[in-house]
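# Coordinate analysis (summary)
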Amino acid sequence: MKRLRHFLFASALLPIAATAAESFLVKDGQPLAEIVIADKPARTVKIAANDLQTYVEKISGAKLPIVTTPAGGLVVEIYLGKSPHTDKLGITDEGLKHGAFRMISGDKHLVLLGRDRDFVPHEPWPRFAKDNERVLKEWDALTGEKWGMDTNLIQLYKQQNKELDVWEQDERGSLNAVHEFLRSLGVRWYLPGEIGEIVPMHASILLPVVDKTVRPDFPLRYPYQYGKRFSGKSEEALWQLRLGLNQAPDLIGQGYIAHGTNYVHMRPEVMQAHPEYYTLVNGKRDMADRGKPCLSSPGLMEQNVKYVRAMFDKMDMPVVSVMPADGYTAMCECDLCKGKETPERGGFGRFSDYGWAYMNGVAQELMKTHPDRKIICMAYGANVLPPLKIEKLSPNIVVCVAQSRSSFQEKEKREWMADLRRDWLAKIPAGGAQFCDYDYYLHPREERAFAFIPVYFPHAIAEDLRALKGKSLGDYIEVYRAKDLDAFGVNALNLYVTTRLWWDSSLDVDSMINEYCADMYGPAQEEMKAFISHGEASWMDMLSSPESITQTFALLAKAQAKAPSGSLYAKRIALIADYIQPMIAKRDQMLRSAGRENARAVRVSDRDGSKIKIDGRLDEEVWKKLSGYQQGDLLDCTTGKPARDKSRMGFFWHDNSLYFSIRCDDRDLKNLNITGSQRDDPDILDGDHVQLLIETQSHAFYRIAVNPKGLVLDVDHAGAPKAAWSAGAEIAAFQGEGFWSVEIRLPVAGDMQAAVDALNGVSGRKPAGTYPWFFNITRQRVRGTTTERFAFSPTEKTDFLDPAKFGRMGGYLPRGTAWEDEKKKRLDAKGADVKQE
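Residues numbered from 1 in each chain as written. Predicted model: local features only at pLDDT ≥ 70, side-chain atom pairs only at ≥ 80, totals over all residues. Heavy atoms only, no water.

### Points about the environment of leucine 164
Relative to the helices and strands, leucine 164 is located in the loop between strand E9 (160–161) and strand E10 (166–167). Put simply, leucine 164 and isoleucine 47 are 117 residues apart on the chain and 7.8 Å apart in space, counted from C-alpha to C-alpha. Not counting chain neighbours up to four residues away, the residues in contact with leucine 164 comprise Ile47, Ser234, Ala237 and Leu238. (Helix = DSSP H or I, 4+ residues; strand = E, 2+ residues; numbered from the N terminus. Contact = heavy atoms within 4.5 Å.)

Structure follows, in structure tokens:
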């Protein structure tokens, strides 16, 4: 196998008995070579020289000098990067694009050479975050328009590491050559820093006999790692450099790859001047957030063409994104858009002809003036499927297909994607030379469905990249990263496998996993292989299988038992153990939540609550702009029917707190039945009041009651009721004209709060798709001898305190509707074919 051949090459560089013909870079711990660079090398060549010097010293104890003039004599010269010395040898960087490199040895020299170019940012660009205002003013002056500026360009300072003096866009072929040489000596970088570094010890290092040019299978090799840009810690930036990545701005552009049409219509000045640019829905133009575009608007297309030309001419961009806004789900109802939707094509194709007609139209106009430049357009959302009304796309379009290769473990999904790519490649005149993929390694993100689950998919990665070789430029991948190495213990293997296969998709994935486990987990390698194998086979089941979760922890416990306490092996396993720990609460919640699968559900989202004054009035703008997922009416508690006196609740998340609003309309407000005389008075429950009942991931359950005067009763109902418990919430009530309302800010203190201080604070964490809260919001209205009860999730009786009837408050869950519909169509078609045969 290819991996075995790699090991054989590596073994040739390890210390063996010397013969007269052998030359050494290091022998018995003594340096016998020097690193030669140009007088004025590229920035990344300096980093390459330092890495080579550093790791040779770590391996052998010998420090190779870095020079610009060779010493000659018996010393082996390691020529690093382009210099007069490589020119004299006739070894050049010609044809070495996208990080490719050459490794060539002679009797007394080793050349490590690739194309190295220092990135020079185009003005205007921001030097720091607060510089954006200046840059936008200069952009306006440069273009004479009120366009937004591309996300990547307005954050360009994040792509520069000042400490290392390097830009993320610097070409670095020679650096890749150094890292390949070090890998051949057994060095590995699985994680940033010492915890992920593998360095073998050898007293001697042979001068290898080598003559090869290494080109990556995919020129585009870019994981966008949340919160981990080059401007951050140097340790992180160096690790990313060692992965052999490439943004490929010449192929996909320097700007953000998606939603480029946003910049044409996102600013308030454009919204005010041109409402016709925006989607008409229910008689109103959708200008929320950045606005959703009407793709039939001639003025919008004209402006989009003008914007892209400005990016070509003013910013010297080779490729620019043209694509509608994210969350583009509602069809424009204006006269120009009538009849352009194709709902019969399902959730992946209902906007395909509509959206691609616009993008192709922009491309055709640009061909007239800039035939040497391109636009990049994504097959995404409701326009994933190729258009039917366009036989061939304009030749200046690069197509990027959004996908999720982790789901390709499902055979039907894998086959569907293969068919989709085939159909897209048939539409692109240049085929795979103008086709790439956009993927998502976001499973660890807390609000995502599979957060805290050990989502491993190395075999799906390998199979997919082998299928893509020669048909795709490569990948742009969103990779979730949290603080330091939090939440990265599992996903690190997925990313490592991906980065290696980008260079050589024929590598054996099982050999990579074996080596990874041996290097990272040492004496626990077999146990960790079993853990990874279980995760890969079962991660999709862990959303619904307590047994699978129990097995996961049992396997990890065996690995923990094998790793010596305090060792690096134990610390690496701890990264995973700490990450998946919340699954225990998930398992326990599943066990006690049988029968709540169809609970009424809402979805928590982040909003800016910084300007909210907790006064009960609910007059801040944020309360008026909640989505349908974040609010709901209370229904009759026993019948589930709408109430005569409407009650409506809303909520959102901000700064480790949940904010709640409850508005209670009342036709007889002057006769409110207000009971209780002080805080925590049980009599509060006898009159008009609302209740918030919450079961977090780790605690079941809490109760907070509030009456129209703002008196509060809070009780912990886990086990015997504890009236001494305090939620620590900020609560206010307000009586208006024909209604009374309650506003709550509920801080969430973390999973361990009940253990740390059982009588104060809410134990739990932010609700998420996989790790929801169950809750109810209720209202009691008392007039004379008549008591009315309402609830967000009706209990079908007069009692509010029924956790089995609580509703669900979560985050994103797998949104499989479009795929499930598509799969059904495919299976039905296969069934029909079988019948015909």
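### With respect to helix H19 (residues 568–580)
Between its first and last C-alpha, H19 extends 19 Å over 13 residues, near the 18 Å set by a 1.5 Å rise per residue. Residues Ala570, Arg572, Ile573, Leu575, Ile576, Ala577, Tyr579 and Ile580 constitute the buried set of H19. Considering only its buried residues, H19 is in contact with strand E13 (197–198), helix H16 (509–521), helix H17 (525–538), helix H18 (546–562) and helix H20 (582–592). (Expected span 1.5 Å × (residues − 1). Buried < 20%, exposed > 50% of the residue type's maximum accessible area, 1.4 Å probe, protein only.)

### Quick notes on the sheet that holds strand E2 (residues 30–31)
Overall, antiparallel pairing links the 3 strands, which are arranged E2-E1-E14 in an open sheet. In this open sheet, the two strands that pair with only one neighbour each are E2 and strand E14 (205–206). Note: strand E1 (residues 24–27) against E2, 2 bridges, orientation antiparallel. Bridge pairing in E2 links valine 26 to proline 31. (Pairing = 2+ DSSP bridges.)

### Here's the deal with the sheet that holds strand E23 (residues 474–479)
The parallel open sheet is built from 6 strands, whose spatial order is E16-E23-E22-E21-E20-E19. Edge positions in the open sheet fall to strand E16 (220–225) and strand E19 (319–321), since each of these has one partner strand only. If you compare each strand with its neighbour and ignore which way they point, the axes differ by 25° on average. Two strands pair when backbone bridges link them, and strand E21 (residues 397–402) and strand E22 (residues 435–441) are joined in this way by 4 bridges, in the parallel orientation. (Axes fitted to C-alpha atoms, helices over the stretch in contact; angles between N-to-C directions.)

### Quick notes on the confidence of the model for the chain
For the chain, mean pLDDT is 93; residues scoring 70 or higher make up 96% of the total. Overall, residues 1–20 carries pLDDT values under 50, and its contacts beyond four positions in sequence, including any with other chains, amount to 35 contacts. (pLDDT = per-residue confidence, 0-100.)

### Focus: the environment of threonine 785
Secondary-structure assignment places threonine 785 in the loop between strand E34 (773–783) and strand E35 (786–791). Along the primary structure threonine 785 and glycine 114 are separated by 671 residues, whereas in three dimensions their C-alpha atoms are 87 Å apart.

### Regarding the packing of H18 against H20
Between H18 and H20, the shortest axis-to-axis distance is 9 Å and the interhelical angle comes to 155°. The orientation of H18 with respect to H20, classified from their angle, is roughly antiparallel. The two elements H18 and H20 meet at a crossing, and its hand is left-handed. On H20, the residues that touch Pro546, Ile549, Thr550, Thr552 and Phe553 of H18 are Met583, Ile584, Lys586, Arg587, Met590 and Leu591. When grouped by side-chain class, the residues that make up the contact of H18 with H20 number 7 nonpolar, 2 polar and 2 charged. (Parallel < 35°, antiparallel > 145°, perpendicular 65-115°, else oblique. Left-handed = near helix turned anticlockwise from the far one by under 90°. Nonpolar A, V, L, I, M, F, W, Y, C, P; charged D, E, K, R; others polar.)

### Re helix H2 (residues 43–60)
Taking 1.5 Å of rise per residue, 18 residues should cover 26 Å, and H2 covers 26 Å from first to last C-alpha, within 8% of that figure. The buried count for H2 comes to 13 of 18 residues, which makes it a mostly enclosed element. Phi turns positive one or two residues past the end of H2, at glycine 61, with a value near 90°.

### Thoughts on the side chain of aspartate 688
Within the element layout of this structure, aspartate 688 appears in the loop between strand E28 (657–665) and strand E29 (689–695). A distance of 2.8 Å separates polar atoms of two side chains, one belonging to aspartate 688 and the other to arginine 783. With sequence-adjacent residues up to four places away left out, aspartate 688 is seen in contact with Asp666, Leu672, Asn673, Asn707, Pro708, Gln780, Arg781, Val782 and Arg783. (Polar contact = N/O pair within 3.5 Å; in protein donor to acceptor, adjacent residues only side chain to side chain.)

### Considering the side chain of arginine 267
Counting through the fold element by element, arginine 267 comes out in the loop between helix H9 (262–265) and helix H10 (268–273). Take arginine 267: its relative accessible area is 10%, and that puts it in the buried class. Those residues within four positions of arginine 267 in sequence are excluded, and the remaining contacts are Leu136, Asp140, Lys146, Trp147, Gly148 and Tyr278.

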